[in-house]
Amino acid sequence: MDLIVFEKALEIIKAHDTIIIYRHSNPDGDALGSQVGLCEIIKDNYPEKRVFIVGDESDRYGFIVNRAMDNLEDALIPSSLSIILDTSSPHLISGELWKESEETLRFDHHLFVEKIADYEVVDSSYESASGLIADFAMTLGLKVSEKAAKALYTGIVTDSGRFLYDSVSSRTHRVVAFLLEREFDRNEIYRNLYVEDLDSVKRKLSFMERIKFTYNNVAYVYSTNEDVSKMGVSPFSVSRGMVNTMANLRGVHVWVNFTEDGDKVLAELRSDRYDINKIAVKYGGGGHLKASGATLQNRKEAEAMLKDLDMLVEGK
């Protein structure tokens, strides 16, 4: 990222006494990692500022925050700076009050869809929003505490697939090396991320038994509201949490998870070689070239998306 872009973002942060940090709803590890990491960096470097983190809670990744989200006083909002993280479209932001702030700033690593904030730091070459925030701090020589480094490291680990995805670059490892200069317990992070109870394993097994394939070997699972209810977890936990149980199947290069959520259908699209983002965008979604999502209107629309994915593989 251009140094001038980072310096301008820091100028905006310095100009405000009250800062409210937002991210997308149904937060994953990167959304919360970047949110907590940036909050701690601002507080560590500018202790006179009031910094708040807001949005819906997360059972899966709540350990990153380790406290409740902040409640805002209405009087704070008009003079505040709202920072939006890890979000490509306004309707995905958890909360509406950012629109009432004096100024807005965005840090994001998704493919650009539309302008959201007054000033934007958007670069899809980063593997994660946490990596972007860490590079921002490292490049500008900002103080990064153990707590901030731990949150950012967790965000990088989750969005990079433990450094497996091809979005990982030499810059990723330089940033991680910078974070690891602080002492924090990585084993604790991995225990929180990957240790599962027996019921969770059973849910995944029942999910995998329902995997089907299109003519061109696109793997997919469609979970109805009844299926989700039987699993005893949230639709988001099924949608985002189980999509990659279809990864690494021999001969499968595109996989998609459809999960009913009331009268809508959550779609999570993944690939190890194809640009599936253009199909997600066609249906009102977005994300990355090989990992995207969309909220569909009904099962018929899910079937149409599946057909488009099958044709994508067929066309090669």
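Before reading further, recall that the structure is shown in the block above.
Residues numbered from 1 in each chain as written. Predicted model: local features only at pLDDT ≥ 70, side-chain atom pairs only at ≥ 80, totals over all residues. Heavy atoms only, no water.

**Some words on the overall build of the protein**
Stage number 1. In terms of helices and strands, the protein carries twelve helices and eleven strands.
Stage number 2. In summary, the protein has a C-alpha radius of gyration of 20 Å against a globular reference of 20 Å for 316 residues, a match within 12%.
Stage number 3. Counting only residues that meet the buried cut, the protein has 53% of its 316 residues in that class.
Stage number 4. Long-range contacts, defined as pairs at least 24 residues apart, comprise 62% of the intrachain contacts of the protein with a sequence gap of at least 6. (Helix = DSSP H or I, 4+ residues; strand = E, 2+ residues; numbered from the N terminus. Rg over C-alpha atoms; globule rule 2.2 N^0.38 Å. Buried < 20%, exposed > 50% of the residue type's maximum accessible area, 1.4 Å probe, protein only. Contact = heavy atoms within 4.5 Å.)

**Side note on the nonpolar core**
Stage number 1. Grouped together as the largest cluster of nonpolar side chains are 50 residues, with contacts concentrated most on Ile21, Ile83, Phe107 and Leu179.
Stage number 2. Here this core takes seven residues from helix α5 (residues 146-159), the largest share from any one element.
Stage number 3. Membership of the second largest hydrophobic core comes to 21 residues, among which are Tyr220, Tyr222, Met305 and Leu312. (Core = buried A, V, L, I, M, F, W, Y, C linked by side-chain atoms within 4.5 Å.)

**Considerations on the packing of helix α2 (residues 29-45) against α5**
Stage number 1. Viewed as axis vectors pointing N to C, α2 and α5 meet at an angle of 160°, and their least axial separation amounts to 7 Å. Comparing their axes, α5 and α2 come out roughly antiparallel. The way α2 lies across α5 gives a crossing that is left-handed. Contact residues: Gly29, Asp30, Gly33, Ser34, Val36, Gly37, Glu40 and Ile41 in α2; Lys147, Ala148, Ala151, Leu152, Gly155, Thr158 and Asp159 in α5.
Stage number 2. Classifying every residue of the contact of α2 with α5 gives five nonpolar, six polar and four charged. (Axes fitted to C-alpha atoms, helices over the stretch in contact; angles between N-to-C directions. Parallel < 35°, antiparallel > 145°, perpendicular 65-115°, else oblique. Left-handed = near helix turned anticlockwise from the far one by under 90°. Nonpolar A, V, L, I, M, F, W, Y, C, P; charged D, E, K, R; others polar.)

These figures capture arrangement, not role.
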